[in-house]
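Examination of the molecular architecture
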Amino acid sequence: MRWSEGWSAERRLVAVVRSRRRWIYGKLDERTEEAALRPDKEFVTGEGFHYLGRSYRLKIVDEAPVPVGLVRGRLLLRRDCLDHAQDDLITWYRRRGNVWLPTRTEPWAQRMRAPFQNIAVRRLGYRWGSCNREGGVNIHWAAMQLPAKLIDYVLVHELAHLHKRDQWPEFWTLVGRALPDYRERRDQLDQFGALLWLPEPMSSPK
């Protein structure tokens, strides 16, 4: 693409979007197709939900100390929480992630010499992860359904962004140094992620 040196940043952005219109529409179609493939979950005994790559069967119970809990290989949901089961289960994923992720992230941050400060599990819409200039990393709650090696890819991707905000070749060099097989993991994330339970659409970090 060619543009004049006198063009404003806004005009250049518009030109880029127009030149990639077909690609953008193609990605929107992919998201629509992925949404159609995602399983519709029912909050009934026997339904399966993934956690760290493993599927756990849901069991509706009359009594439990918390709305959702993982006990002896079963995911327990208290019966009086069925009306808001979706929110309670998302809250459970977030709490598990807020405990599990910090110790998982710190070694990667040290290896990559990333200015990492803290991590939080949130609802992030279309993104698996995000970060900010203060060293904060956010991970989508749905990532806690992924196998650990794919969560590692999401973490490394965001930690690399703490060094390089844009995804230029230098960015992927950083990712590749930490994860030489990142392309394989990224492909697996596309495949595995498209089949996870997720009440909202999302795309993989590219």
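Residues numbered from 1 in each chain as written. Predicted model: local features only at pLDDT ≥ 70, side-chain atom pairs only at ≥ 80, totals over all residues. Heavy atoms only, no water.

1. Concerning the overall build of the protein
Using the following cut-off: Counting from the N terminus, the helices are DSSP H or I runs at least four residues long and the strands are E runs at least two residues long. Contacts are assigned to residue pairs that have any heavy atoms within 4.5 Å of one another. Where accessible areas are quoted, they stem from the Shrake-Rupley method and a 1.4 Å probe; at the residue level, only the protein chains shown are allowed to cover.
A tally of helices and strands in the protein yields six helices and seven strands. Shown N-terminal to C-terminal, the secondary structure of the protein runs as helices and strands in the order α-α-β-β-β-β-α-β-β-β-α-α-α. Across the protein, the fraction of contacts at a sequence separation of at least 24, relative to all contacts at a separation of at least 6, is 51%. Taken as a whole, the protein presents about 12400 Å² of accessible surface, with 48% of it coming from carbon and sulfur.

2. So, the confidence of the model for the protein
Which entries qualify depends on this criterion: Note: pLDDT gives the predictor's confidence per residue, expressed from 0 to 100.
Mean pLDDT over the protein stands at 84; residues scoring 70 or higher make up 78%. Of all secondary-structure elements in the protein, the lowest mean pLDDT belongs to helix α2 (residues 21-37), at 45, while strand β4 (residues 74-78) reaches the highest, 98. Considering only residues more than four positions removed or in separate chains, one finds that residues 23-36, a stretch of pLDDT under 50, has five contacts.

3. Points about the environment of D62
What counts, and what does not: Contacts described as polar in this section are N or O atom pairs within 3.5 Å, which, within protein, must combine one atom able to donate a hydrogen with one able to accept it, while residues neighboring in sequence count only if both atoms come from side chains.
Assignment of secondary structure puts D62 in the loop between β2 (54-61) and β3 (68-71). For the pair D62 and D80, spaced 18 residues apart in sequence, the C-alpha separation works out to 7.5 Å. If sequence neighbours within four positions are ignored, D62 has contacts with R78 and R79. Within the local environment of D62, its side chain forms a polar contact with the side chain of R79, the two groups lying 2.6 Å apart.

4. Focus: the environment of I60
Here is the rule we go by: Summary of the burial criterion: residues with accessible area below 20% of their type's maximum are buried, those above 50% are exposed, and those between are partly exposed, where the area comes from a 1.4 Å probe applied to protein chains only.
Residue placement: I60 occurs in strand β2. Using a relative accessible area of 11% as the deciding quantity, one classes I60 as buried. Distance from I60 to R78, taken between C-alpha atoms, is 5.8 Å for residues 18 residues apart in sequence.

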